[in-house]
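Analysis of the macromolecular model
Residues per chain, in single letters:
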Amino acid sequence: MVSAAELTSPRSPRVVAARRLGRRGFRGKERRFLAEGPQAVREAVAHRTPEGPTLLELFATAEAAERHSGLLERARAAGCAVHRASDEVVAGLSQTVTPQGLVGVCRFLDRPLAEILAARPRLVAVLAHVRDPGNAGTVLRCADAAGADAVILTDASVDLYNPKAVRASAGSLFHLPVAVGVPVASAAAGLAQAGVRVLAADGGGERDLDTELDAGAMGGPTAWIFGNEAWGLPPETRALADAVVRVPLHGRAESLNLATAAAVCLYASARAQRAPGGCRAAGTGGGDGTGGGPGLAG
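Read on for a plain summary of the structure. (Residues numbered from 1 in each chain as written. Predicted model: local features only at pLDDT ≥ 70, side-chain atom pairs only at ≥ 80, totals over all residues. Heavy atoms only, no water.)

1. A few points about helix 10 (residues 184–193)
For the record, the criterion: For each residue, the accessible area found with a 1.4 Å probe, counting protein chains only, is set against the maximum for its type, and the residue is called buried under 20%, exposed over 50%, and partly exposed in between. The numbering of helices and of strands both runs from the N terminus, where a helix is a DSSP run of H or I of at least 4 residues and a strand a run of E of at least 2. What the arc measures is the spread of directions leading from the helix axis to the C-beta atoms.
Listed in full, the buried residues belonging to helix 10 are Val184, Ala187, Ala188, Gly190 and Leu191. Viewed along the axis of helix 10, the buried residues span an arc of 165°, placing them on a single side of the element. Where helix 10 terminates, the next one or two residues include glycine 195, which has phi positive at roughly 85°.

2. Let's talk about the sheet that holds strand 6 (residues 102–107)
Put simply, the rule is: Note on pairing: two strands pair once DSSP finds at least 2 bridges between them. Interaxial angle, 0 to 180 degrees, is taken between N-to-C directions of lines fitted to C-alpha atoms, where a helix line uses only the stretch in contact.
Spatial strand order, 1-6-4-5: four strands in an open sheet with mixed pairing. With partners counted over all chains shown, the strands left at the sheet margins are strand 1 (32–36) and strand 5 (81–84), one partner each. Direction aside, neighbouring strands of the sheet carry axes that sit 20° apart on average. With five bridges joining them, strand 1 and strand 6 adopt antiparallel strand pairing.

3. A word on the environment of aspartate 132
Inclusion rule: Within 3.5 Å is the distance limit for a polar contact, defined as a pair of N or O atoms, with the added protein rule that one can donate a hydrogen and the other accept it, and that residues adjacent in sequence qualify only through two side-chain atoms.
Within the secondary structure, aspartate 132 sits in the loop between strand 7 (123–127) and helix 8 (133–145). On a C-alpha basis, the gap between aspartate 132 and asparagine 228 in space is 8.4 Å, while along the polypeptide they are 96 residues apart. A polar contact is formed between the side chain of aspartate 132 and the backbone nitrogen of glycine 134, at a distance of 3.0 Å.

4. A word on the packing of aromatic side chains
The following threshold applies: Ring pairs shown here join Phe, Tyr and Trp side chains whose ring centres sit within 6.5 Å, with only the six-membered ring taken for Trp; geometry is labelled stacked below 30 degrees between planes, edge-to-face above 60, and tilted in between.
A full pass over the atoms with the stated rule returns five aromatic pairs. Both rings, one in phenylalanine 108 and one in tyrosine 161, keep their centres 3.9 Å apart while their planes meet at 15°; by these two values the pair is stacked. Taken together, the residues phenylalanine 108 in the loop between strand 6 and helix 7 (113–118) and tyrosine 161 in the loop between strand 8 (150–154) and helix 9 (163–168) connect sequence positions 53 residues apart. Using a relative accessible area of 9% as the deciding quantity, one classes phenylalanine 108 as buried. In this structure an aromatic cluster arises from ring pairing among Phe33, Phe108, Tyr161 and Phe174.

5. Here we look at a positive patch on the surface
Basically, it comes down to this: Note that patches include only residues with greater than 30% relative accessible area and no salt bridge, and the join distances are 9 Å for like charges and 5 Å for nonpolar side chains (Val, Leu, Ile, Met, Phe, Trp, Tyr). Per-residue and other accessible areas were derived by the Shrake-Rupley procedure at a 1.4 Å probe size, with only the shown protein chains allowed to occlude residues. Salt bridge, as used here: a side-chain nitrogen of Lys or Arg that lies within 4 Å of a carboxyl oxygen of Asp or Glu. Residues scored as positive are Lys and Arg, those scored as negative are Asp and Glu, and His as well as the terminal groups of each chain are ignored. For this purpose, a charge sits on NZ of Lys, CZ of Arg, CG of Asp or CD of Glu.
Among the surface-exposed residues, Arg11, Arg19, Arg20, Arg23 and Lys29 lie close enough to one another that they form a single positively charged patch. Along the chain, the position of arginine 20 falls in the loop between helix 1 (13–19) and helix 2 (24–30).

6. Some details on the environment of proline 121
Filter applied, for reference: Only heavy atoms matter for contacts: two residues are in contact if any of them lie within 4.5 Å across the pair.
Structurally, the position occupied by proline 121 is in the loop between helix 7 and strand 7. Residues proline 121 and alanine 150 lie 29 residues apart in sequence; the distance between their C-alpha atoms is 7.1 Å. When neighbours within four sequence positions are excluded, proline 121 is seen to be in contact with Ile116, Asp149, Val196 and Pro221.

7. Description of the side chain of aspartate 159
Residue position: aspartate 159 is located in the loop between strand 8 and helix 9. Of note is the side chain of aspartate 159, whose polar atom sits 2.6 Å from the side chain of arginine 27. Those residues in contact with aspartate 159 that lie beyond four places of it in its chain are Arg24, Arg27 and Ala165.

Laid out in structure tokens, this is it:
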């Protein structure tokens with residue numbers, strides 16, 4: 001359906017209800033979050049949760065409605081309530097400096113850890129104590145690009161539905177299963193029981209990523225635990241892993257930031273799993289999982 005009249009007042013009950021989703025407490029209570037911009041809205045339209053369509057409401061300025069008319073048509077066809085809204089209303093819902101004219105209200109997407117483990121994942125990113133929403137969203141995007149099967153955010157990590165995390169995921173939030181609020185010990189134990197080797201990524205690791213690759217040790221189902229941006233993984237978390245692995249630094253840089261290190265580790269696993277003898281290699285029953293999406297510069 002399309003609202004008959006343009007929403008022009010930021011105090012409209014419908015607008016106020018949506019704007020409250022910018023706060024974590026309201027998001028958790030309503031199990032709803034905001035997705036901003038055409039890319040996120042496009043992915044939300046195509047996504048469904050077991051509870052129903054993911055995109056529930058869409059606020060669009062007149063300019064955005066004209067520019068993205070096809071997207072609005074698909075949203076309406078999916079049963080989404082589409083509201084025409086003034087620039088002021090949409091700007092009030094937006095968390096960016098230059099709003100793109102589209103803001104959607106979406107259902108929460110996270111799935112239970114047991115459901116993720118039952119699917120026998122072969123590549124998983126575990127975010128432990130990750131507090132920066134931009135980093136969390138970027139790691140999720142890296143995991144998606146590397147063909148990971150799931151992402152797990154521990155109970156000490158940032159809110160998955162923080163607007164900055166949603167934006168940084170660049171739509172990948174809608175592409176792969178995510179579990180949230182999982183104690184890191186429960187995640188590690190569950191993954192191990194599912195036959196997944198658990199590796200902790202840490203600059204002080206006793207094992208070197210290149211050495212692990214050369215030894216042929218990276219081709220099986222693997223979960224990577226990534227830690228806090230500033231202080232890495234605490235000893236008790238490193239102790240949960242089968243091995244603590246460092247990314248080798250061949251130049252003079254002191255370290256890699258979280259998202260870069262995650263990309264290196266996840267792609268190393270992705271390549272090893274697709275090599276002869278790897279768990280995704282031809283003839284092992286694993287699909288390739290690659291696609292023809294945009295390049296890294298996108």
